[in-house]
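Okay, here's what each chain looks like letter by letter:
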Amino acid sequence: SSSSSSSSSFFSFNKRKLSKLTGIEIISPLIGLSDEQKEFYTLAKDFADRELAPYASKWDEEGIFPLETFKKCAELGFGGIFVKEDVGGSALTRQDTTIIVEALSTGCVGTTAMLTIHNMCAGMIDKFGSQENRNQWLPDLCSLNKMASYCLTEPGSGSDAASLMTKAVIDPSSPNHYIINGSKAFISGAGVSDIYLVMCRTGGAGPKGISCIIVPKDTPGLSFGNEERKMGWKVQPTRQVIFDNVKVPITNRLGAEGQGFTMAMAGLDGGRLNIGACSLGAAQSSLDIALKYIQERKQFGKAISEYQATQFKVAGMAMNINLMRLSLRNAAHLLDTNHPAAGVHCAMAKKTATDLGFNVVNDALQLHGGYGYLKDYHIERLLRDVRVHQILEGTNEIMSHIVGKALIA
């Protein structure tokens, strides 16, 4: 296909002497990767070029979640990226995952972000669930026959997640079941996803009173609010999830009672890397678009790329992309090796990547002048999509809190 040929020529630097590298190849995502990881990136990038990028603007404008396209990700093994193979997963590393997510998000940030949330849920079931849980849910999740959403945030508990109020109590008439009441806010995929990983209170106040329970979409009493009208991520539905005497088996709980908050935070370590990788892909795409534009756009008799001010701007963008990539891949490596500082480095990487990513996309828009404000060049959509990355999976202020608290402990 044309996308495959352009992708192969774009990343032909492997066959050239390093001293000959020019243009965007200087910060190619493939630099420093193993041969296998290069294949992962190229596979995902080709899919993004072919299946996501040509349609992303239409999905954004019309608020369409491309479910059938989303399901095609399973054909590439992206439905359970770091889930073990015995239940259909690909058993890849967190570093592999950031590479795949970066590539996919060059095509459509919102669709890729939904895939990362689904994978976070699948990974939590794989890591913390019983063999019964794993066998029941993961084959369908890995094949994307079913989609999963993560339910932590509530209308009254955002950054203070441990204060959540959604409650699960043992059903006195059926002691093998919980009855869940409460609501969750800002849930990506709500109303579309087939299962929901719900953090709810089964004990006393604070984090040790929280458990994680799987709730299927068709459970009586489960309902959804109106779709939120958002600045970005318009391709994916975001709604409240409401629990009104929702009855589920105790066997749907992951692990023991009181372990849910620990699971939720462990899931967010990887989630933070993934959302940072979404920003990275958007930043890389923005720089690609900007480099082409500045060499075509002429002012005062020459291409604006010939002006030092423009060159300094794109140099700064490239440096920021390099910092983002190194930070994310290093934190992912620490998470893969269970390093004790992994959680703190995931917080660092998330803040670094999402702050710098927004700046890179904003700089790309500025280089386009008035044209950057138009939908034709896609930059404004990328800017709207990446802005929320500084808020979700833990605000960047909370990321600074995590790092600062660790430093003075």
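As the structure is a prediction and not an experimental result, all values here were calculated from the model.

### Examining unusual backbone geometry
(1) Moving on: Positive phi outside glycine occurs at Trp-233, with the angle close to 50 degrees.
(2) Moving on: The backbone phi angle of Asn-245 is positive, close to 55 degrees, even though this residue is not glycine.
(3) Moving on: Locating Asn-245 in the fold gives a position in strand E7 (residues 238-249).

### Some points on the pairing of E7
(1) Moving on: In terms of strand pairing, strand E3 (residues 174-188) meets E7 through 9 bridges, oriented antiparallel. Each residue of the ladder has a partner; that of Lys-184, found in E7, is Val-241.
(2) Moving on: Judged from the 3 bridges that link them, strand E6 (residues 222-224) and E7 form a sheet pairing that is antiparallel. By the bridge assignment, Ser-223 is partnered in E7 with Ile-242.

### Focus: the pattern of salt bridges
(1) Moving on: For the coordinates displayed, the defined rule picks out 18 salt bridges.
(2) Moving on: Here Lys-45 ties to Asp-49 by a salt bridge, and the two come within 2.9 Å at their closest N and O atoms. Linking Lys-45 with Asp-49, this pair stays in helix H2 (residues 35-52), spanning 4 residues, or about one helical turn.
(3) Moving on: Here Lys-84 ties to Asp-126 by a salt bridge, and the two come within 3.3 Å at their closest N and O atoms. Here Lys-84 is found in the loop between helix H4 (67-72) and helix H5 (94-105), whereas its partner Asp-126 is found in helix H6 (residues 109-128), with 42 residues between them in sequence.
(4) Moving on: Given the relative accessible area of 5%, Asp-126 is considered buried.
(5) Moving on: Within the structure, one salt-bridge network assembled from shared partners comprises Asp-60, Lys-375, Glu-380 and Arg-384.

### Looking at the packing of aromatic side chains
Aromatic rings in a pair are described by how distant their centres are and how their planes are angled relative to each other.
(1) Moving on: On inspection of all chains with the given rule, the structure shows 5 aromatic pairs.
(2) Moving on: Taking 5.5 Å as the distance between ring centres and 45 degrees as the angle between the ring planes, the aromatic pair formed by Tyr-196 and Phe-224 counts as tilted. One end of the pair, Tyr-196, is in strand E4 (residues 195-201); the other, Phe-224, is in strand E6, with 28 residues separating them in the sequence.
(3) Moving on: A residue is classified by how much of its surface remains accessible, and Phe-224, at 24% relative accessible area, is partly exposed.

### Structural notes on the confidence of the model for the protein chain
(1) Moving on: Looking at the protein chain, the pLDDT average stands at 94 and 95% of residues meet or exceed 70.
(2) Moving on: The low-confidence segment residues 1-18, where pLDDT is below 50, has 28 contacts with residues more than four positions distant or belonging to other chains.

### Brief notes about the packing of helix H10 (residues 342-367) against helix H11 (residues 379-387)
(1) Moving on: Direction vectors running N to C along H10 and H11 enclose 160 degrees, while the axes themselves pass 9 Å from each other. By the angle class used here, H10 and H11 are roughly antiparallel. Two packed elements cross with a definite hand, and for H10 against H11 that hand is left-handed. Every residue of H11 that contacts H10 at Phe-358, Val-361, Asn-362, Ala-364 and Leu-365 is listed here: Ile-379, Glu-380, Leu-382, Leu-383, Val-386 and Arg-387.
(2) Moving on: A class-by-class count of the residues in the contact of H10 with H11 yields 8 nonpolar, 1 polar and 2 charged.

### Details of H10
(1) Moving on: For H10, which comprises 26 residues, the first-to-last C-alpha distance of 36 Å matches the rise-based estimate of 38 Å (1.5 Å per residue) to within 8%.
(2) Moving on: At the exit of H10 stands Gly-369, carrying a positive phi of roughly 60 degrees.

### Examining the pairing of E4
(1) Moving on: Of all 7 residues that make up E4, 7 are buried, and the element is covered over most of its length.
(2) Moving on: Taking every second residue as pointing to the same face, both faces of E4 are buried, with Ile-195, Leu-197, Met-199 and Arg-201 on one and Tyr-196, Val-198 and Cys-200 on the other.
(3) Moving on: Across 4 bridges, the pairing between strand E1 (residues 148-151) and E4 is parallel. Bridged to Tyr-150 within E4 is Leu-197.
(4) Moving on: Where E4 and strand E5 (residues 210-216) come together, 7 bridges link them in antiparallel fashion.

### Points about the nonpolar core
(1) Moving on: Counting 102 residues, the largest nonpolar core has Ile-125, Tyr-150, Leu-197, Met-199 and Leu-287 as the members making the most contacts within it.
(2) Moving on: Here the element with the most residues in this core is helix H8 (residues 260-296); it accounts for 16 residues.
(3) Moving on: Not counting residues up to four positions away in its chain, the partners in contact with Leu-197 are Cys-121, Met-124, Ile-125, Ser-149, Tyr-150, Cys-151, Cys-212, Ile-213, Ile-214 and Leu-254.

### Things to note about the layout of surface pockets
(1) Moving on: Considered as a void within the structure, the largest pocket measures approximately 1100 Å³ in volume.
(2) Moving on: Together, 37 residues line the largest pocket, and Thr-153, Ile-391, Leu-392, Glu-393 and Gly-394 are the ones closest to its centre.
(3) Moving on: Of all the elements in the fold, those that place two or more residues in the lining of the largest pocket are H6, E3, H8, H11 and helix H12 (396-407).
(4) Moving on: Here the element with the most residues in the lining of the largest pocket is H8; it accounts for 5 residues.

### Overview of the state of the cysteines
(1) Moving on: Under the definition given, this model contains 0 disulfides.
(2) Moving on: You can see Cys-108 has no disulfide; the closest cysteine sulfur is in Cys-278, sitting 9.7 Å from it.
(3) Moving on: What makes Cys-108 buried here is its relative accessible area of 2%.
(4) Moving on: Note on Cys-212: no disulfide assigned, nearest cysteine sulfur contributed by Cys-200 at a separation of 7.8 Å.
(5) Moving on: Here Cys-212 falls in the buried class, since its relative accessible area comes to 0%.

### Digging into empty space enclosed by the protein
(1) Moving on: Throughout the structure, instances matching the rule amount to 2 cavities of 30 Å³ or more.
(2) Moving on: There is about 40 Å³ of room inside the largest cavity.
(3) Moving on: Among the secondary structure elements, those contributing two or more residues to the lining of the largest cavity are H5 and H6.
(4) Moving on: The biggest single contributor to the lining of the largest cavity is H6, with 4 residues.
(5) Moving on: The class makeup of the residues in the lining of the largest cavity is 4 nonpolar, 5 polar and no charged.
(6) Moving on: Counted as a void, the second largest cavity has a volume near 30 Å³.
(7) Moving on: The wall of the second largest cavity is formed by Ser-57, Asp-60, Glu-61, Lys-375, Glu-380, Arg-381 and Arg-384.
(8) Moving on: Those elements that provide at least two residues to the lining of the second largest cavity are helix H3 (56-62) and H11.
(9) Moving on: Among the residues making up the lining of the second largest cavity, the classes are represented as no nonpolar, 1 polar and 6 charged.

Reading the values: rules and limits
- Residues numbered from 1 in each chain as written.
- Predicted model: local features only at pLDDT ≥ 70, side-chain atom pairs only at ≥ 80, totals over all residues.
- Heavy atoms only, no water.
- Helix = DSSP H or I, 4+ residues; strand = E, 2+ residues; numbered from the N terminus.
- Pairing = 2+ DSSP bridges.
- Salt bridge = Lys/Arg side-chain N within 4 Å of Asp/Glu carboxyl O.
- Buried < 20%, exposed > 50% of the residue type's maximum accessible area, 1.4 Å probe, protein only.
- Phe/Tyr/Trp six-rings, centres within 6.5 Å; stacked < 30°, edge-to-face > 60°.
- pLDDT = per-residue confidence, 0-100.
- Contact = heavy atoms within 4.5 Å.
- Axes fitted to C-alpha atoms, helices over the stretch in contact; angles between N-to-C directions.
- Parallel < 35°, antiparallel > 145°, perpendicular 65-115°, else oblique.
- Left-handed = near helix turned anticlockwise from the far one by under 90°.
- Nonpolar A, V, L, I, M, F, W, Y, C, P; charged D, E, K, R; others polar.
- Expected span 1.5 Å × (residues − 1).
- Core = buried A, V, L, I, M, F, W, Y, C linked by side-chain atoms within 4.5 Å.
- 1 Å grid on protein atoms, 1.4 Å probe; cavity = no way out; pocket = protein on both sides within 12 Å on 5 of 7 lines; lining within 4 Å.
- Points joined across faces, edges and corners; volume = space filled by probe spheres on them.
- Disulfide = S-S within 2.5 Å.

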